[in-house]
Amino acid sequence: MKHSSVVFALSLSLVSAQAAAAEKLEVVSSLPTYAALVQEVGGDLVTTSSIGGARFNPHFIEPRPSDVLRLKRADLFVHSGLDLEAWRGPLVNATGRAEVKPGGERELDLSRGIHLLNVPRGAVSRSEGDIHLFGNPHYWLSPENGLIIADEIAEKLAELDPEHAALYLGNRDRFRARLAGRIEQWKQQSRALTGAEFIGYHDQWIYLMEFLGFTMEKFLEPKPGIPPTPRHLLLLQQYTASSPVVGIVHATFYPDDAARALGERSGLPVLALPQNVGEIPEAADYISLLEYDISRLIGAAQRGRSHE
Amino acid sequence: MRLRNYSFAPLVLFGVSSVCSADPAVDELHALRTQVQELSEALASVRAQLETQERVIQSFQKEVQSQQQDATVTVRDVGGTVSSAPTYVPDIGVVADITGIVTESDEDEEGNDRLSVRELEIVFGHDIDPYSRLDVTVSISDFEEAAIEEAYLTHSGLPFDIYGRLGRMHPRIGIAAAQHRDALFTVDEPLVIEQFFGAEGFSRTGLELSDIFSTISDDVVHEIIIGLLEGGAGEGGNLFGETRRAPTVYGRLRNAWDISDSSVIDLGLNALLGSADEDTSFETRAGGVDLRYQHYGAAFRKLTLQSELFVQDRDTAVLEDGELPEGLFEFRQKPLGLYALANYRFGQQWEAGLRYDYVQAVNRAEEQRDSFESEYSAFLTFHQSEFARWRLQYQLATLETGEEDNRFFLQGTFAIGTHKHNLQ
């Protein structure tokens, strides 16, 4: 009798645990940063995962069969929109699910609430490189956009799971309060360094630069998507000799040889910065990711200014 | 009397102190301070929300302004980037394969010892409605007229989440046979694909259904694919005959294991049943196994190890002038073909690889059943950009006759417009 009671109790707890797990919303995101933001807002009510791994260039992810299966099962698909993730269309098509296609009830295009920068006007051509047609899609790196993204995620989760809407909105508010506090601090720290100029590998830092009041007009890529050339590095070296550039920035998933070469020739510091949550151990969540990037940019700007 | 007076003193003192501490003005001031604090916090929160909404409104205003500007732009000015315009124009892309081939062979085969537009693919794709999508690939070349390489409808929302394709397609048999040429690691298809399925892979009209699921864990995914096709193989393929009325059925079980976030192993089992004879059906069988290992490293690095093996089980007849020679009978033959490939991308722009091919001859006299062809290939690929690449390939071929042929290929592959391959 005692044995069967124990077995019964264990079975009941297992069923309860499974039921509790089954109630969680399964949210699949295109990028790990979005998965982290979904976790901030969703808390214990969601399970999150991302298609793109943290260490990989989001432009060139190759989805796997397991990604197709996860997206087939997902309650919500969160993605960048625009044309950053060219692999997203074939992935969505492979699921055969209309709900996760653009405009579907279980997809969330985070770009919809974002004021986009560098939106091309007039004719576009690949003679100018791999230009993003709808504007620069690397918008998640601005903490102010992080506030907007959190809003969108909370509203969508509340729409899909109205029973827990208050919890999602409460989590959102707490996250916003934390992020808003950090935004104020970062702005104070960067205020005196307005106009500090950096050289980037790829044009993916514009939103963060704008937030900090810094500039990034030159890139190691001679044109978007075109790898650095020796001639272009020489031109950049000449530019740094006459311009107050304070550092060279590249995402960790890009080759660093061109950045290091320019750094050695120009004497400028080279900053390998993560673009996504989880890319390095210090970027364990969204605020930590931004803290890491911003602190290094501000540090480089301060050192650069002190040398002037 | 004095004692009674003194006994009231503590009470009086207590009363005075109570009156002092319960000063209503102080309490009111404290309450007001608390209220002001709460109102300030609420105001800060409302201000933050207002700022967010102002940003959203500005974003919408700018979007409206840009749409008003774009509305005055002609199609010519947009430069063909139709996906940025709010129209129903499908995604359109063009992929050009320009290849130069130099060999020791005297045969005047397609592209031999010349530079040619080996293939031009014009690709269209778009959603038909909320339920279906149409993908079309038309191919043109220097050697043949325009032809439909693929034109299939994909239907979503089928029962049990089954994925369905209907039309002309590359059926998902094996790895290389299902790919477009520009997705291959090499200039040419593996020999077994070329000889068994056709010079440009396997493209037929039919119906394909598939479903994907997991069993032991979400890191191990299985996909079942079954299909029914019109009969025949691709150009020059010897697996099936030319009779379209003798249908082909096929099945594939694909198993993919995510070893880590950067490595995946694919194991596939394939089976086909069709006909090489216009008078019969389903007398020719083929089975295959494919294996692929992919490892994604830092900064564009990627290692691919890939191999496929196919075995036919078929009646073989060696005819002389359309007739069976006297004393020679049909016999069952099981010719096999395989390849093994290794490719390493060691930077953003460079990758290199090796491939070995071995294919046994089909439809040969019994004493020649073991004749075969083999090839060793080495190839180097340079990615000029994401949309243009160059490939140099050397190939040492051993022909059925035992002769050797040294071959050199130079291939340029270029893409304009939108071109996204469906996931394999």
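Quick notes on the rules
Residues numbered from 1 in each chain as written. Chains lettered and ligands numbered in written order. Predicted model: local features only at pLDDT ≥ 70, side-chain atom pairs only at ≥ 80, totals over all residues. Heavy atoms only, no water. Helix = DSSP H or I, 4+ residues; strand = E, 2+ residues; numbered from the N terminus. Buried < 20%, exposed > 50% of the residue type's maximum accessible area, 1.4 Å probe, protein only. Areas by Shrake-Rupley, 256 points an atom, 1.4 Å probe, with all protein chains shown as cover. Contact = heavy atoms within 4.5 Å. Buried area = accessible area lost by both parts, 1.4 Å probe. Salt bridge = Lys/Arg side-chain N within 4 Å of Asp/Glu carboxyl O. Polar contact = N/O pair within 3.5 Å; in protein donor to acceptor, adjacent residues only side chain to side chain. Nonpolar A, V, L, I, M, F, W, Y, C, P; charged D, E, K, R; others polar. Phe/Tyr/Trp six-rings, centres within 6.5 Å; stacked < 30°, edge-to-face > 60°. Lys NZ or Arg CZ within 6 Å of the ring centre and 35° of its normal. Core = buried A, V, L, I, M, F, W, Y, C linked by side-chain atoms within 4.5 Å. Pairing = 2+ DSSP bridges. Axes fitted to C-alpha atoms, helices over the stretch in contact; angles between N-to-C directions. Left-handed = near helix turned anticlockwise from the far one by under 90°.

Draft legend 1. Focus on the overall build of chain B. Within chain B, the regular secondary structure consists of four helices and 17 strands. Looking at chain B residue by residue over its 424 residues, the buried ones come to 41%. Entry remark: accessible area of chain B is about 23000 Å², with carbon and sulfur atoms responsible for 60%.

Draft legend 2. A look at the interface of chain B and chain A. Across the contact, 55 residues belong to chain B and 46 residues belong to chain A. Taking both sides of the interface into account, the surface hidden between chain B and chain A amounts to around 4200 Å²; carbon and sulfur atoms contribute 55%. Counting the contacts that link chain B with chain A gives six salt bridges. One salt bridge connects D218(B) with R73(A), and the closest N-O pair in it is separated by 2.9 Å. Taken together, chain B and chain A are joined by 13 residue pairs in polar contact (both at pLDDT 80 or more). Broken down by secondary-structure element, the contributors of at least two residues to the side of chain B that touches chain A are α2 (24–70), α3 (75–78), β6 (204–214), β8 (248–258), β9 (263–274), β10 (284–296) and β17 (404–417) of chain B. Taken together, the residues of the side of chain B that touches chain A break down into 18 nonpolar, 23 polar and 14 charged.

Draft legend 3. Highlighting helix α2 (residues 32–42) of chain A. All names here are of chain A. Of all 11 residues in α2, 10 are buried, a share of seventy percent or more. Three or more residues of α2 are buried, namely P32, T33, Y34, A35, A36, L37, V38, E40, V41 and G42. Where α2 is buried, its residues meet β1 (25–29), β2 (46–50), β3 (76–79), α5 (143–160), α6 (165–191) and α10 (286–307). Following α2 by one or two positions, G43 adopts a phi angle in the positive range, close to 60°.

Draft legend 4. The arrangement of the packing of aromatic side chains in detail. Summed over the entire model, instances satisfying the criterion amount to 19 aromatic pairs over all chains. With 5.2 Å between their ring centres and 45° between their planes, Y394(B) and F408(B) make a pair best called tilted. Of the two residues, Y394(B) is situated in strand β16 (residues 388–398) and F408(B) in strand β17; the sequence distance between them amounts to 14 residues. Its relative accessible area of 30% is what places Y394(B) among the partly exposed residues. Among the aromatic side chains, those forming a connected cluster through ring pairs are F60(A), Y201(A), F253(A), Y254(A) and F300(B). One residue, K218(A), lies across the ring of Y239(A), its end atom 5.0 Å from the ring centre. Between R165(B) and the ring centre of Y152(B), over which it is positioned, the NZ or CZ distance is 4.7 Å.

Draft legend 5. Expanded view of unusual backbone geometry. All names here are of chain B. Despite not being glycine, A299 has its phi angle at roughly 50°, a positive value. With respect to the helices, strands and loops of the structure, A299 is situated in the loop between β10 and β11 (302–316). One non-glycine residue with positive phi stands out, namely F300, at about 75°. Along the chain, F300 falls in the loop between β10 and β11.

Draft legend 6. Broad picture of the nonpolar core. One finds F198(A), F214(A) and L297(A) to be the most contacted residues of the largest nonpolar core, which totals 78 residues. The next biggest cluster of nonpolar side chains, apart from the first, holds 26 residues, and it includes A176(B), A177(B), F202(B) and V359(B).

Draft legend 7. Expanded view of the pairing of β16(B). Residues and elements named next belong to chain B. The sheet contact formed by strand β15 (residues 372–385) and β16 spans 11 bridges and is antiparallel. In the sheet register, Y376 faces β16, and the bridge partner there is L396. Where β15 folds back on β16, the antiparallel hairpin that results is connected by two residues. Here β16 pairs with β17 via 11 bridges, running antiparallel. Across the sheet, residue R389 finds its bridge partner in β17, namely T413. The turn joining β16 and β17, which pair antiparallel and follow one another in sequence, is formed by five residues; a positive phi near 95° is taken by G402.

Draft legend 8. Geometry of the packing of helix α3 (residues 65–73) of chain A against helix α4 (residues 88–95) of chain A. Residue and element names in this part refer to chain A. Orientation of α3 relative to α4, taken along the N-to-C sense of each, is 65°, at an axis distance of 9 Å. Along this stretch, α3 crosses α4, giving a crossing that reads as right-handed. For the pair formed by α3 and α4, the contact residues are D67, V68, L71 and K72 on the first element and L91, V92, A94 and T95 on the second. Here the residues of the contact of α3 with α4 are counted per class, giving five nonpolar, one polar and two charged.

Draft legend 9. Geometry of α4(A). Burial of α4(A) is extensive: six of the eight residues sit out of reach of the surface. Taken together, the buried positions of α4(A) are occupied by R88(A), P90(A), L91(A), V92(A), N93(A) and T95(A). On the buried face of α4(A), the contacting elements are α3 and β3 of chain A together with β3 (132–140) and β5 (163–169) of chain B. Just downstream of α4(A) lies G96(A), where phi reads positive at about 70°.

Draft legend 10. Broad picture of the pattern of salt bridges. Residue and element names in this part refer to chain B. Going through the model one piece at a time under the given rule, you end up with 40 salt bridges over all chains. Across the pair R204 and E230 runs a salt bridge, and its minimum N-O distance is 3.9 Å. With R204 in strand β6 and E230 in the loop between β7 (220–229) and β8, the pair connects residues that are 26 residues apart, well separated along the chain. With respect to class, R204 is no different from E230; both count as buried. Note that E375 is salt-bridged to R407, the shortest N-O span being 3.0 Å.

Draft legend 11. Just the sheet that holds strand β4 (residues 107–109) of chain A, in detail. Residue and element names in this part refer to chain A. One open sheet holds the four strands; their spatial order is β2-β1-β3-β4, and the pairing between them is parallel. The sheet terminates laterally at β2 and β4, the two strands that pair on one side only. Averaged over neighbouring strand pairs, the angle between their axes works out to 20° when direction is ignored. Sitting on the sheet, α3 is in contact with β1, β2 and β3, with an inclination near 135° to β1.

Draft legend 12. Layout of the sheet that holds strand β7 (residues 245–251) of chain A. All names here are of chain A. Taken together, four strands build an open sheet; the order of strands is β6-β5-β7-β8 and the sheet is parallel. Where the open sheet ends on each side, the last strands, each with one partner, are β6 (215–219) and β8 (270–273). Here the average twist between neighbouring strands, direction ignored, is 35°. Note that β7 and β8 share four bridges and pair parallel. Considered in β8, the bridge of I248 is made with V270. On the sheet, helix α9 (residues 257–266) packs against β5 (197–200), β7 and β8 and is oriented at approximately 165° with respect to β7. This element, α10, spans β5, β7 and β8 of the sheet and lies at about 170° to β8.

These values are about where atoms sit, not about what they do.
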